[in-house]
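Architecture and fold: a report
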Amino acid sequence: MEMTYRTKRLELKILDDTASAKVLQFYLDNREVIEKYETERPSQFYTEEFQKMLLQGEYNLAVKQKSLRFWVQEQGQPERVVGTVSFHNIRHGFYQCCELGYKFDQRFWGRGYAMESISRGIQAVFEELKMHRIEACVLPQNMPSRKLLLKLGFEFEGIKKQSVMLHGKWMDHELYALLSEEPSTRSDNDTSSRILRC
């Protein structure tokens, strides 16, 4: 696996801890939106020191190919993060499976950046990590994310009942999956999808 991939408009890069300031800014700019869909964070999460620690850990996991978090930037704009695409819980052997996660800056929704960057990440994971299956879980009410997964070729497989505790309540999630035999990429020109909100 490479540490950097490019699309027509974007760059997907595994960042080290020197990028902690811009990663923190991404979270601060999108705190209200992101927190609706994710588990509670420790109080120190929104500090540069904590982000530096997370980036160090993520970088080490990427080197070992156990988990990959690509930070998405517009080409020619390295100072700003517009989103992140991750492939975590990577399992080899008899499983050859991983889970997809993503979130994008709300100021860049509607530009097709999610479709473009996730497609490139999926291509790399299938071709280079030889994954057979990629799973994604989404809250049933998160319609933009559900539509995005379907456009990417994922199929709905069912409901994972009370699978994650969010804000003190057990929440159901819909499970989607994409197999390596299925079309896993879309043209960089396909910007028709609405950007996800998780």
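Now for a look at the structure at hand. Keep in mind it's a predicted model, so treat the numbers as computed, not measured.

Our focus in this paragraph is helix H1 (residues 20-29). Of all the residues in H1, the buried ones are Ser20, Val23, Leu24, Phe26 and Tyr27. Seen from one end, H1 has its buried residues packed into an arc of 155°, which puts them on one side. Considering only its buried residues, H1 is in contact with helix H2 (31-35), helix H3 (48-63), strand S3 (68-74), strand S4 (83-91) and strand S5 (97-104).

One ladder, built from five bridges, connects S3 with S4; its direction is antiparallel. Among the inter-strand pairings, arginine 69 is bridged to a residue of S4, identified as serine 86. Taken together, the seven bridges between S4 and S5 define a ladder with antiparallel strand orientation. Within the sheet, the bridge partner assigned to serine 86 lies in S5 and is glycine 101. Counting the residues between successive antiparallel strands, the hairpin from S4 to S5 contains five residues, one of them, glycine 93, with a positive phi of roughly 65°.

A few words now on the environment of leucine 24. Looking at where leucine 24 falls in the secondary structure, it is placed in helix H1. Sequence spacing of leucine 24 and asparagine 89 is 65 residues, and the spatial spacing of their C-alpha atoms is 24 Å. In this structure leucine 24 touches Phe45, Tyr46, Thr47, Glu48 and Gln51, once residues within four positions along its chain are discounted.

Here we have eight strands laid out as an open sheet, ordered S1-S2-S3-S4-S5-S6-S8-S7, and mixed in their pairing. The sheet terminates laterally at strand S1 (4-6) and strand S7 (155-166), the two strands that pair on one side only. In this sheet, adjacent strand axes meet at a mean angle of 25° when their direction is disregarded. Here strand S2 (residues 10-13) runs beside S3; their pairing, made up of four bridges, is antiparallel. Paired with glutamate 11 across the strands is glutamine 73, a residue of S3.

Conventions adopted
- Residues numbered from 1 in each chain as written.
- Predicted model: local features only at pLDDT ≥ 70, side-chain atom pairs only at ≥ 80, totals over all residues.
- Heavy atoms only, no water.
- Buried < 20%, exposed > 50% of the residue type's maximum accessible area, 1.4 Å probe, protein only.
- Helix = DSSP H or I, 4+ residues; strand = E, 2+ residues; numbered from the N terminus.
- Arc of directions from axis to C-beta.
- Contact = heavy atoms within 4.5 Å.
- Pairing = 2+ DSSP bridges.
- Axes fitted to C-alpha atoms, helices over the stretch in contact; angles between N-to-C directions.

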